[in-house]
Protein chains: 2
Amino acid sequence: MELKEIHSPADIRGLDMKELNKLCHDLRETFLTKVAAHGGHVGPNLGLVEATVALHYVFDTPKDKIVYDVSHQTYIHKMLTGRIDAFLNPEHYDDVTGYSEPSESEYDLFTIGHTSTAVSLAGGIAKGRDLQGEKYNVIALVGDGSLSGGEAFEGLDEGATLGSNFIVVVNDNNMSIAENHGGLYSGLKALRDSNGTAENNYFKSLGYDYIYVGNGNDVAALVEAFKKVKGTNHPVVVHIHTDKGHGWRPAEIDKETWHFSAPFDTKTAKLLHEDSGEDYSEIFMEETLERMKNDPKFCVLTAGTPAVIGYGPEQRKKAGRQFIDVGIAEQEAVAMASGIAKSGARPVFGVVSSFVQRAYDQLSQDVAINGQPVVVTIFYGSLLGMNDVTHLGWFDIPLISNIPGWVMLAPTTKEEFLSMQRWALTQTSNPVCIKLPGGPVRHSEKDVKSDWSELNKFEMTEKGNTVAIIGAGTFYPLAVETAEALKKEGVDATVINPHYLSGVDSEMLDDLKRDHKLVITLEDGVTDGGFGEKIARYYGTSDMKVKCYGIKKQFLNRYDYGKLLDESRLTAYQIVEDIKTILG
Amino acid sequence: MELKEIHSPADIRGLDMKELNKLCHDLRETFLTKVAAHGGHVGPNLGLVEATVALHYVFDTPKDKIVYDVSHQTYIHKMLTGRIDAFLNPEHYDDVTGYSEPSESEYDLFTIGHTSTAVSLAGGIAKGRDLQGEKYNVIALVGDGSLSGGEAFEGLDEGATLGSNFIVVVNDNNMSIAENHGGLYSGLKALRDSNGTAENNYFKSLGYDYIYVGNGNDVAALVEAFKKVKGTNHPVVVHIHTDKGHGWRPAEIDKETWHFSAPFDTKTAKLLHEDSGEDYSEIFMEETLERMKNDPKFCVLTAGTPAVIGYGPEQRKKAGRQFIDVGIAEQEAVAMASGIAKSGARPVFGVVSSFVQRAYDQLSQDVAINGQPVVVTIFYGSLLGMNDVTHLGWFDIPLISNIPGWVMLAPTTKEEFLSMQRWALTQTSNPVCIKLPGGPVRHSEKDVKSDWSELNKFEMTEKGNTVAIIGAGTFYPLAVETAEALKKEGVDATVINPHYLSGVDSEMLDDLKRDHKLVITLEDGVTDGGFGEKIARYYGTSDMKVKCYGIKKQFLNRYDYGKLLDESRLTAYQIVEDIKTILG
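Remember, it's a predicted structure, so these values are computed and weren't measured experimentally. (Residues numbered from 1 in each chain as written. Chains lettered and ligands numbered in written order. Predicted model: local features only at pLDDT ≥ 70, side-chain atom pairs only at ≥ 80, totals over all residues.)

**Q** Even after reading the chapter, I still don't get the overall build of chain A, so can you show me in this structure?
**A** A tally of helices and strands in chain A yields 23 helices and 20 strands. Computed over C-alpha atoms, the radius of gyration of chain A comes to 26 Å, within 12% of the 25 Å expected from 2.2 N^0.38 for 584 residues, which places it in the range of a compact globule. Its C-alpha atoms put chain A at 80 × 55 × 55 Å along the principal axes. Within the span of chain A, comprising 584 residues, buried residues form 58% of the whole. Within chain A, contacts between residues at least 6 apart in sequence are counted, and of these 78% link residues at least 24 apart. (Helix = DSSP H or I, 4+ residues; strand = E, 2+ residues; numbered from the N terminus. Rg over C-alpha atoms; globule rule 2.2 N^0.38 Å. Buried ≥ 20, exposed ≤ 12 C-beta atoms within 10 Å, placed from the backbone. Contact = placed C-beta atoms within 7 Å.)

Right, here's the structure in full:
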């Protein structure tokens, strides 16, 4: 059948094995054409073509429910569930997101982008189904890489006790984004090597029935396995061994590089547009690799995203045991960092803003209450970062700056970042979090101080009067730009780089009262619970007026950067307009 | 030897087995005398007497490091490590906390009170030791109940790959606070039943070497096992089967009741002081049990703390499958609740304030982004709640109120609570969090509305002028009291019960501008990132003055309630004083 004839999974359920194989071939080719032109998750989807087809062939979706973990592997699923046009027609490529999305289709159950959640969510659906006396299959599809996350374990542990239909498909391609880390993976290897018969089966130890499919890219074998478990009356794991990147040689060979890719040429496997600008991943990597050479006590942690912090296979090899990838397990990264610091060694954990929220309790209890000088460097904590709703970088200021003990710093340039991180790794008084700025890497024009131990000491970079503009991190340049625009209006504004997000400089704020009427705060995050509100509260009983800029408390999906800045009035022109209104 | 002669573990290392047994006997008696007079964790410590003695007998503490999970089982440890006087001498009972505490002793490595963290923390110490080329044993002691937490899994998974000395002692008493829940526990039972030889060994599946000790209250067997693993060059699990409550019959029989107790009589096993007041645990339990009868779709979740929400064994039996204890696994509880809601059923998760922070990512992604109408009812979210530094109830407002989508409500009476929770479980527009007030249960004097769907609608309970006092939750009575005190000063203040913590009533706030000069906010939590700051920001560009009351961003341990209220100026007298100063 032609792909364009697929309107729903029902359309493929009459096919024979030969036709299913052809379907898999066509889906893979079409997927590859789109992802090469558009960019996206390459390897995870290539590896899962046959399993996705087999799932929809065997199960009565959408009555039967499939919950995808992370859901970056749902491209083929989308092609089978009424969204083929978004893959065949370049004009409609952007009609679908890169993750499962209920607003697109009833076949998509959750908007998800973080790992390790599918088993828990599916377990909840199964429980709700049973409470309501309904009958259908509930399937969680989870990758081996996601199993390192604590939530996946909790989901498996609880799911095993449901006592009714519950099917966990473990898509084992022997990879996370990079290679897997954790003792669990030696156990999974033993299962693969023994065709599922090894002693000490992790899933059986948790109480699951268990089926192994050695060739997870053989659609017939998958159909047979799924038919066996369809309608089961108890929890069962179907462990399928797939080949990440299957069917496109470059992705089969270099699984890490081809996990996700910007647009590329399928013939040469080269990116269409080389990115040549400076970035904080490389800056962080170069700085920390160099530091390791001089300090054997120093180490870098990642939770399954080494590339984000600049560490490719070559750099990881150089770093050796001073580089620790704990797998996708942010709680472990933070708690382990506390233990490392307690022992007298010095850890820095490099993490994506949206993922650090998975470790709030550890940041608070394991680190802050214990006063361990753990350093956390946050990447993509910016409205100029990732714009998928599941990866927003807007919430880290309310999250971390309000935990007692944490010093949260907002560098505005490469030089400030390096100085702050070096200081943070030398001092032992506080845990320190450094929120990297968004946008192109900027440089300091003058020397940057090396000692940041006088906490909450803001820097006044231009002394003016009437209006003071405090521009934190990403938005310090906007503060400068706004002050310049104000000059044309005859106002000689003060400009402040606060450096600190976790407290206020009461001395400077008190000083401002003498000849200022209005303080403007600019921060790269939601204003609710953020930095500006601390300033507003501080001035609450004085005559000083305060206007806080940032992002409204909201979730947005695939927003336009310029439009969001505009809606948030985060442009110099709009701020000047507001200032004129406030000053009257 | 006499207990009072024990100054450090070195003092017991010369004893023979007979003397060790006598030591265990004496420690248990002394512990029991103190805990009966003082209150504390009974069962966990009774069960661990022999293991604690054996650990300090075999290992060279403090050079060798023991990290205790939760650390509510460290009473015997404290008796052996220089703190015996705090157990022998009633005048010094309060010299030590109920958890491990580095400020008391170098034998205590971390201040911990949440579960499931020890393996991660100990893994970090082992890693730091290796980076620094040092040699000592690192031991994590973790209970079976704690193993249901995701962080414990993450710690085990990573710890297995350390490739050096790492000893995990699993204290398996076949109990959490209540009975265990999760598939893992069928696996542990199989190990106990087979003297450690069962197939599908969870720990071996993660790559650990493994030793089983069937009688974990036999000090000789424990000494032998610990001697075997002392100095090991690889990760090993020592699985010891202990008897929670061992040596005191009432606690052996009713392990749940005697997990923790207020002061009691060791002869009659009766509490010395019966607590007869109304409490929200019972109110919640009665309300939800009744609701279950009428709605089979409705269910209650707990993460291992059923008693907190009023569910003893009898109530759990009545609730049947509509009561779900996921084990100590808050991430699972929240994510599963999202799945349950997605299926069309209606869940409420009752949780302690300090533990809900373990599920921030799930509250945000699994629930809020997906718009599922999950209901979370928060207990002990008050400065009048638990006062151990690891259990503070001060941080839930910044944590939850700043996540888009969550409606956070602050009832001030039993009737408001019931009305809010009933409404929350009927509507499907938002996830709703209800923060129960601290202090004695209060009652509404007039009818409470039943529909809370007009979000952020504050209630003006007294109309005055000049000063408006917004008293949220626990502190609404303080707002009333302050207004009364102000009357004596000739100020006729407005009093507002905001009901909502996650947004502001802009209409009412704008109205106040007409005849008010000052708005006071009172909230039961840290002011940083909290409710009052939203009001301060809202009024930032107006002439309205705002003064926010709450608790300073800080951690405190075993504070005095009255003193903290006083220091925070949370008394009517102090607030009136401040108001007079501000109004001049």
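**Q** Help me out: how do you make sense of the sheet that holds strand β14 (residues 407-409) of chain A in this one?
**A** Sheet strands pair via backbone hydrogen bonds, and the direction of the pair is either parallel or antiparallel. Residues and elements named next belong to chain A. Ordered by their spatial adjacency, 6 strands build an open sheet running β11-β10-β12-β13-β15-β14, and the pairing between neighbours is parallel. Edge positions in the sheet fall to β11 (323-325) and β14, since each of these pairs with one other strand and no more. When the angles between neighbouring strand axes are averaged without regard to direction, this sheet yields 20°. Alignment of strand β12 (residues 346-352) against strand β13 (residues 375-379), held across 5 bridges, turns out to be parallel. Within β13, the residue paired with V348 across the bridge is V375. (Pairing = 2+ DSSP bridges. Axes fitted to C-alpha atoms, helices over the stretch in contact; angles between N-to-C directions.)

**Q** What's the story with the interface of chain A and chain B in this structure? I'm lost.
**A** Where interface size is given, it is often the accessible area lost as the parts come together that is meant. Taken together, the contacts link 97 residues of chain A with 97 residues of chain B. When residues of the side of chain A that touches chain B are traced back to their parent elements, those giving at least two are α6 (118-131), α7 (150-159), α8 (184-193), α9 (202-205), α14 (330-342), α16 (360-369), α21 (531-538) and β20 (545-551) of chain A. With 10 residues, α6 of chain A is the largest single contributor of residues to the side of chain A that touches chain B.

**Q** What exactly am I supposed to notice about the pairing of strand β3 (residues 138-143) of chain B here?
**A** Look at any regular strand and the pattern is simple: side chains alternate between the two faces of the sheet. Residues and elements named next belong to chain B. Burial within β3 is extensive, with 6 of its 6 residues counted as buried. Side-chain alternation along β3 places V138, A140 and V142 on one buried face and I139, L141 and G143 on a second face that is also buried. One ladder, built from 4 bridges, connects strand β2 (residues 65-68) with β3; its direction is parallel. Across the sheet, Y68 pairs through a bridge with L141, a residue of β3. The pairing of β3 with strand β4 (residues 166-172) spans 5 bridges and is parallel. Across the sheet, V142 pairs through a bridge with V170, a residue of β4. Read as a crossover between parallel neighbours, the route from β3 over helix α7 (residues 150-159) to β4 is right-handed. (Right-handed = clockwise from strand over helix to strand, strands pointing away.)

**Q** Any chance you could explain the relation of the copies chain A and chain B here in plain terms?
**A** What relates the pair of chain copies is a rotation about an axis plus a shift along that axis. With an RMSD of 0.0 Å, the operation that places chain A on chain B is a rotation of 180° combined with a shift of 0.0 Å along the axis. Read as a symmetry element, the transformation amounts to a two-fold axis. Interface residue correspondence from chain A to chain B reaches 100%, placing this contact among same-surface, isologous pairings. (Least-squares fit on C-alpha atoms with pLDDT ≥ 70 in both.)

**Q** Just checking my understanding: could you explain the sheet that holds strand β19 (residues 516-526) of chain A for this structure?
**A** Residue and element names in this part refer to chain A. Strand order in the open sheet formed by 5 strands is β16-β18-β17-β19-β20, and the pairing between neighbours is mixed. Edge positions in the open sheet fall to β16 (459-462) and β20, since each of these has one partner strand only. Along the sheet, successive strands turn relative to each other by an average axial angle of 25°, direction set aside.

**Q** Is there a simple way to think about helix α21 (residues 531-538) of chain B in this case?
**A** Because the α-helix completes a turn every 3.6 residues, residues three or four places apart line up on one side. By the criterion of burial, α21 of chain B is predominantly enclosed, with 8 of the 8 residues buried. Those residues of α21 of chain B that fall on the buried side of the exposure criterion are F531, G532, E533, K534, I535, A536, R537 and Y538 of chain B.

**Q** What is the right way to read the nonpolar core from this model?
**A** If you look at soluble globular proteins, the nonpolar side chains tend to sit buried side by side. In this structure, L409 and I469 of chain A together with L409 and I469 of chain B are the most contacted members of the largest nonpolar core, which totals 354 residues. Setting aside residues no more than four positions away along its own chain, I469 of chain B makes contact with A479, T482, A483, A493, T494, V495, I496, I520 and L522 of chain B. (Core = buried A, V, L, I, M, F, W, Y, C linked by C-beta atoms within 7 Å.)

**Q** What should I look at first to understand the domain arrangement of chain A in this one?
**A** Residue and element names in this part refer to chain A. Split by domain assignment, chain A resolves into domain 1 (3-265), domain 2 (280-435) and domain 3 (459-583). On a C-alpha basis, the centroid separation for the pair domain 2 and domain 3 is 27 Å. Counting residues per element, the ones that place at least two in the side of domain 2 that touches domain 3 are α17 (396-401) and β14. For the side of domain 2 that touches domain 3, the element with the most residues is α17, which contributes 4 residues. A class-by-class count of the residues in the side of domain 2 that touches domain 3 yields 14 nonpolar, 5 polar and 3 charged. (Domains from an automatic or database assignment. Nonpolar A, V, L, I, M, F, W, Y, C, P; charged D, E, K, R; others polar.)

**Q** It is not clear to me how the packing of α6 of chain A against helix α14 (residues 330-342) of chain B should be interpreted in this structure. Could you clarify?
**A** Geometry of a packed helix pair, given as the angle between the helix axes and the separation of the axes. Two elements in contact, α6 of chain A and α14 of chain B, have axes separated by 6 Å at closest approach and are oriented at 50°. Taken together, the axes of α6 of chain A and α14 of chain B lie oblique to each other. Seen along the crossing, α6 of chain A lies across α14 of chain B with a hand that is right-handed. Taken together, the residues of α14 of chain B that come into contact with α6 of chain A (itself represented by S120, L121, A122, G123, G124, I125, K127 and G128 of chain A) are E332, A335, M336, A337, S338, G339, I340 and K342 of chain B. The residue inventory of the contact of α6 of chain A with α14 of chain B, partitioned by class, reads 7 nonpolar, 6 polar and 3 charged. (Parallel < 35°, antiparallel > 145°, perpendicular 65-115°, else oblique. Left-handed = near helix turned anticlockwise from the far one by under 90°.)

**Q** I'm lost on the packing of α21 of chain A against α21 of chain B in this one. Help?
**A** Closest axis-to-axis distance for the α21 of chain A/α21 of chain B pair is 8 Å, and the angle between their directions is 75°. On the basis of the axis angle, α21 of chain A is roughly perpendicular to α21 of chain B. The residues of α21 of chain B that touch α21 of chain A, namely those facing G532, E533, A536 and R537 of chain A, are G532, E533, K534, A536 and R537 of chain B. For the contact of α21 of chain A with α21 of chain B, a count of residues per class yields 2 nonpolar, 2 polar and 5 charged.

**Q** Explain unusual backbone geometry to me, please; I cannot follow it from the model alone.
**A** Most of the time, phi is negative for any residue but glycine, and the peptide bond is trans. Geometrically, the link from T61 of chain A to P62 of chain A is a cis peptide bond, its omega value of 5° lying close to zero. Residues other than glycine seldom take positive phi values, yet R558 of chain A does so here, at roughly 50°. Here R558 of chain A lies in the loop between β20 and α22 (561-567). A residue is classified by how many C-beta atoms lie within 10 Å of it, and R558 of chain A, with 11 of them, is exposed. If you check the backbone angles, V70 of chain B has positive phi at about 60° while not being a glycine.

**Q** Any chance you could explain the confidence of the model for chain A here in plain terms?
**A** For any part of a model where pLDDT is low, the fine detail of the predicted coordinates should not be relied upon. For chain A, the mean per-residue pLDDT works out to 97, and 100% of the residues sit at or above 70. Two numbers describe this predicted complex: its pTM, 0.97, and its ipTM, 0.97. (pLDDT = per-residue confidence, 0-100.)

**Q** What is the right way to look at the pairing of strand β13 (residues 375-379) of chain B in this model?
**A** Residue and element names in this part refer to chain B. Counting buried positions along β13 yields 5 of 5 residues, so the element is predominantly enclosed. Across the two faces of β13 the burial is the same, with V375, T377 and F379 and V376 and I378 all buried. Bridging between β13 and strand β15 (residues 432-435) involves 4 bridges; their strand directions are parallel. Bridged to V375 within β15 is V432.

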